[in-house]
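Next come the chains, spelled out residue by residue.
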Amino acid sequence: MKILVTGCCGYIGSHTLVELLNNGYEVVGLDNFSNSKKDVLDKIEKITGKQIVFYECDMLDKDNLRKIFQENKIEMVIDFAAYKAVGESVEKPISYYINNVSSVLMLLDVMKSFGVKNLIFSSSATVYGMAEEVPLKETSFVGGTTNPYGTSKLFVEKILMDLYNSDNDWNICIFRYFNPIGAHSSGLIGENPNGVPANLMPYIVKVAKKELECLNIFGDDYDTVDGTGVRDYIHIMDLALAHILGVKKLCEVKSGLHIYNLGTGKGISVLELVNAFKKVNNVDIPYKIAPRRAGDIAECYASIRKAREELGFIPKRGIDDMCFDAYNYVLKENENEKN
Ligand code: UD1
């Protein structure tokens, strides 16, 4: 089974590539490095001891995309390539829709012309919008997204549904990720965004490293266990492994459109995450309570029953592993930069 992985050097793509290689799949990687670094490829090779067939390519470049399919007998595609910064998407909706929607259309068109109809698409819990019920099920209401990033994921989901309705030979798996955090246990790959992070874990990590003074907790008056926002954090390695289950599922069923939530099914509050991080890593995380962030909701966590029953998905790593591995990665990265 030869699998094309787009966005293979990004946070989720790189961890998934490692698991695919470790599980004996042949992979072809694609990335345009718009939000990733070239050295990730060396690190993946170091972790797995395997060489990667790689193309530096923008998915909007249809000719190059076609070339990849001409040169490799691709049987399945896992599509991670997308922009993902919520705030930036509000400022630059056109580039978000071009990069996250048009590029998928290019990919689908090329896939179709080569008769490749197996696809795993990276979607997000963001499609549930303001989440009217928890735990969220795959059948819960989708829509009401509050930013172009979220809407771009929703649009692609709709496009994939239309595509499947037009031709039932397509074999599509849509994964709705909740909040992936942590890093590979080797400490070689992980997430360390430039600038001031918008998401919680990268922010905590920067406070731990004293690059940022203090964490702002956005609201402590929600109707939750301790008043702070509750989310479904999932270890990136568990999330990566879910893609192996997705690949196996598509090989087994041959056609269909399948949607799965990927989280742990457990809600964790901001304060619970901060306290776990402090304890596991033996560092201080100064914080202050700030006003609620616009667009945030009190609680968002998944029902993962469908993924468990149909894919055999059982996330193994807990919140302590997530905190340890997230910090271990940036500490190792610092060491490597010094050497
Ligand atoms: C955010 C995005 C979502 C995206 C997801 C990816 C928004 C509104 N939503 O979700 O579209 O799919 O990331 O992982 O940006 N928090 C703080 N202080 C901070 C940062 C966050 O208290 O400095 C709190 C938030 O209020 C929230 C929790 O931490 O309760 C998690 O926030 P975050 O990591 O940004 O994830 P989401 O809001 O779930």
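Everything below is about the structure printed above this text.
Cut-off values and rules
Residues numbered from 1 in each chain as written. Predicted model: local features only at pLDDT ≥ 70, side-chain atom pairs only at ≥ 80, totals over all residues. Heavy atoms only, no water. Near = heavy atom within 4 Å. Polar contact = N/O pair within 3.5 Å; in protein donor to acceptor, adjacent residues only side chain to side chain. Areas by Shrake-Rupley, 256 points an atom, 1.4 Å probe, with all protein chains shown as cover. Helix = DSSP H or I, 4+ residues; strand = E, 2+ residues; numbered from the N terminus. 1 Å grid on protein atoms, 1.4 Å probe; cavity = no way out; pocket = protein on both sides within 12 Å on 5 of 7 lines; lining within 4 Å. Points joined across faces, edges and corners; volume = space filled by probe spheres on them. Nonpolar A, V, L, I, M, F, W, Y, C, P; charged D, E, K, R; others polar. Salt bridge = Lys/Arg side-chain N within 4 Å of Asp/Glu carboxyl O. Buried < 20%, exposed > 50% of the residue type's maximum accessible area, 1.4 Å probe, protein only. Phe/Tyr/Trp six-rings, centres within 6.5 Å; stacked < 30°, edge-to-face > 60°. Lys NZ or Arg CZ within 6 Å of the ring centre and 35° of its normal.

J.: Help me out: how do you make sense of the site of the ligand in this one?
T.: Near the ligand, the surroundings consist of 19 residues, among which Leu200, Asn216, Arg231, Arg293 and Asp296 are the closest. Thr126 is positioned such that a nitrogen or oxygen atom in its side chain is 3.3 Å from an oxygen atom of the ligand. At a separation of 2.9 Å, an oxygen atom of the ligand approaches a polar side-chain atom of Asn199. Computed on the free molecule, the ligand has an accessible area of 740 Å², of which 86% lies beneath the protein chains in the complex. Of all the elements in the fold, those that place two or more residues in the shell around the ligand are helix 7 (200–208) and strand 8 (215–218). A per-element tally of the shell around the ligand places strand 8 first, with four residues.

J.: Would you explain empty space enclosed by the protein in this entry?
T.: Empty space among the atoms can be located by rolling a probe the size of a water molecule over them. In total, this model carries one cavity of 30 Å³ or more according to the counting rule given. Put simply, the largest cavity is a space of about 80 Å³. In terms of lining residues, the largest cavity is bounded by Tyr11, Ile181, Gly182, Ala183, Glu191, Met201, Pro202, Val205, Ala326, Tyr329 and Val330. Taken together, the residues of the lining of the largest cavity break down into nine nonpolar, one polar and one charged.

J.: What's the story with the pattern of salt bridges in this structure? I'm lost.
T.: Two side chains with opposite charge may pair up if their charged atoms get near one another. Across all of its chains, the model carries 16 salt bridges by this definition. Of the charged contacts, one joins Lys92 and Glu88 as a salt bridge, the two residues approaching to 3.6 Å between their closest N and O atoms. The shortest N-O distance in the salt bridge between Glu157 and Arg176 comes to 2.7 Å. One end of the pair, Glu157, is in helix 6 (residues 148–166); the other, Arg176, is in strand 6 (residues 171–177), with 19 residues separating them in the sequence. For Glu157, a relative accessible area of 1% puts it in the buried group. Arg176 sits in the buried class, given a relative accessible area of 1%. Via salt bridges that share partners, Lys206, Lys209 and Glu211 belong to a single interconnected network.

J.: Got a minute to help me understand the packing of aromatic side chains in this structure?
T.: Counting across every chain of the model gives seven aromatic pairs. Between the aromatic rings of Phe175 and Tyr260, the centroid separation amounts to 6.3 Å while the plane-to-plane angle is 50 degrees, which identifies the pairing as tilted. In this pair, Phe175 sits in strand 6 while Tyr260 sits in strand 11 (residues 256–262), placing the two residues 85 residues apart along the sequence. Grouping residues by exposure puts Phe175 and Tyr260 together as buried. Over the face of the ring belonging to Tyr222 we find Arg292, whose NZ or CZ atom lies 3.9 Å from the ring centre. Directly above the ring of Tyr260 sits Lys306, whose terminal nitrogen or CZ lies 4.9 Å from the centroid.

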